[in-house]
Structures are given as C-alpha cells and as structure tokens.
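Coordinate inspection notes
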Amino acid sequence: LVDDAQQLLEKAGDSGASDVEVRNLQNIIDSVKGADPVALAISQYKQSEATSDLAHLVNLLERDNRGDRYYLYCRELFDRTSQESDAIRVCNAASSLGRFSELHQFLSDRMDIVKRSQELQAHWAWSLFRKGDLFGAHEQVAQLKQSKSQQPALKTLEINLSIFGGDWESLSIFVEDSWNS
C-alpha cells in the first residue's frame, strides 16, 4: 500500500502537482514508513517558511509535549498570527517549562490581548503572584470571579494568595467547602 502511494506520488509530481503538495504527501508516506513526523514537519517548515507548516509543526509538538522546541515555535507562530489561541499556547508552554519571567514579560507586553481573554488573565494573575504582587494578583482574581470565569487554576491561586497573605479566615472557607464536597 505504501509502495502504491509512492508510485502515485511520483506520477503526480510528473503530471504537474505543486512542489508543496508533493512534499506534504511525501511526508505522510515517510511518516507511515516510520520517519519521525516532527522531524519531517521541521524540515518542511524550514523549506517553506509557511505559516500553515509552522502551525502544523506546533500542533505536532503540542501533542508530543516537546518542551523548549514547542515553546520557541509557539512564540514564532504567535509573532506571525497574533491570535489569542497562539498566545495561550505560548503561556501554557512557558508556564510548564518554568519560564516565568519570560511569561510575565510576554503578557505585560500584550495587555491588549490579555484583557480580551479570561485564560490569559488567569495566566496574568499567576504571573503577578509569582512576581510577589499579591495585591495585583488578588485584584485580577476578583475581576475573573466577577466575570464568572471557570478557570480551574483560580481556586489554587486563591488558596495560595490566602496562605501567602496570611488570610486564614478565607482559607478556612476553602477547607470547609472542600470538606463539604
């Protein structure tokens, strides 16, 4: 079956199919043969420098959780698209890698997009907390709660804010709620 696909691809290349199409199909065939799909996607992106190839590479790296490379390619994709979803990927990658100062700088440079996204606002609240701005983090959490945000990390952040702020009364409420559920 793979050999048949390879023969058909060669015929397609001879009959005028675009280089991009031939390369995409060749990568599919090569990955079926056992080649590393991430390496193939990196190679294809470096050849084409197309945003669609970069997005495909980021998707593959996200599935395989490939750390630093994932973060760098996410940044590059965001720089090209300025999409909220790509900004969230950058933040998730930076956070999982412990690149908190880079995360803080990334968000503070893009407050316009942060204001439009509850997920980015949650990252901003955590970033403020990590920088030691407990008041700013608390305000951000209050804004998110006011907008009825369902961010799962908010409760953890609220608990941390209560502990680090010495607010034992609000911490007891969390403990009681947890006990009752």
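Residues numbered from 1 in each chain as written. Predicted model: local features only at pLDDT ≥ 70, side-chain atom pairs only at ≥ 80, totals over all residues. Heavy atoms only, no water.

Across all of its chains, the model carries five salt bridges by this definition. The shortest N-O distance in the salt bridge between Arg-89 and Glu-62 comes to 3.0 Å. Taken as a pair, Arg-89 in helix H6 (residues 84-97) and Glu-62 in helix H4 (residues 51-64) lie far apart in primary sequence, 27 residues in all. The exposure class assigned to Glu-62 is partly exposed, which follows from its relative accessible area of 38%. We note a salt bridge from Glu-158 to Lys-145, for which the minimum N-O separation is 2.8 Å. Remark: Lys-145 occurs in helix H10 (residues 134-146) and Glu-158 occurs in helix H11 (residues 153-165); sequence separation between them is 13 residues. Glu-158 gets classed as buried once you look at its relative accessible area, which sits at 17%. Exposure remark for Lys-145: the relative accessible area of 46% places this residue in the partly exposed category. (Salt bridge = Lys/Arg side-chain N within 4 Å of Asp/Glu carboxyl O. Helix = DSSP H or I, 4+ residues; strand = E, 2+ residues; numbered from the N terminus. Buried < 20%, exposed > 50% of the residue type's maximum accessible area, 1.4 Å probe, protein only.)

Residues shown with low pLDDT carry predicted positions that ought not to be read at fine detail. Looking at the protein chain as a whole, the pLDDT averages 87, with 85% of positions reaching at least 70. Across the protein chain, element-level confidence peaks in helix H7 (residues 100-108) with a mean pLDDT of 98 and bottoms out in helix H1 (residues 2-14) with 66. (pLDDT = per-residue confidence, 0-100.)

So, on to the nonpolar core. Counting residues in hydrophobic clusters, the biggest one holds 39 residues, and the most contacted among them are Leu-57, Val-58, Tyr-73, Phe-106, Leu-107, Leu-120 and Leu-157. The element best represented in this core is helix H9 (residues 118-130), accounting for seven residues. (Core = buried A, V, L, I, M, F, W, Y, C linked by side-chain atoms within 4.5 Å.)

Two aromatic rings are characterised by how far apart their centres lie and by the angle between their planes. Following the criterion strictly, the structure yields four aromatic pairs and no others. Between Phe-78 and Phe-106, the aromatic rings sit 5.2 Å apart at their centres with planes inclined by 70°, giving edge-to-face as the arrangement. Pair noted here: Phe-78 is in helix H5 (residues 67-81) and Phe-106 is in helix H7, with a separation of 28 residues, a long-range link. Like Phe-106, Phe-78 is buried. Arranged with centres 5.3 Å apart and planes meeting at 75°, the rings of Phe-129 and Phe-164 form a pair that is edge-to-face. Here the residue Phe-129 occupies a position in helix H9, and Phe-164 occupies one in helix H11, the gap between them amounting to 35 residues. Judged by its relative accessible area of 13%, Phe-129 is buried. Classification of Phe-164 as exposed rests on a relative accessible area of 56%. (Phe/Tyr/Trp six-rings, centres within 6.5 Å; stacked < 30°, edge-to-face > 60°.)

With respect to the helices and strands, Gln-140 occurs in helix H10. The class of Gln-140 is buried, set by a relative accessible area of 10%. With residues up to four places along the chain from it excluded, the contact list for Gln-140 reads Gln-121, Trp-124 and Ala-125. (Contact = heavy atoms within 4.5 Å.)

In this section: unusual backbone geometry. In most cases, non-glycine residues show a negative phi, while peptide bonds are predominantly trans. We note that Glu-49 has phi near 55°; this positive angle belongs to a residue other than glycine. Looking at the element boundaries, Glu-49 is found in the loop between helix H3 (37-48) and H4. For Glu-49, a relative accessible area of 54% puts it in the exposed group. We note that Ser-82 has phi near 55°; this positive angle belongs to a residue other than glycine.

On to the side chain of His-104, then. Note that His-104 resides in helix H7. Using a relative accessible area of 16% as the deciding quantity, one classes His-104 as buried. Contacts of His-104, omitting those with residues within four sequence positions, involve Trp-124, Ser-127, Leu-128 and Lys-131.

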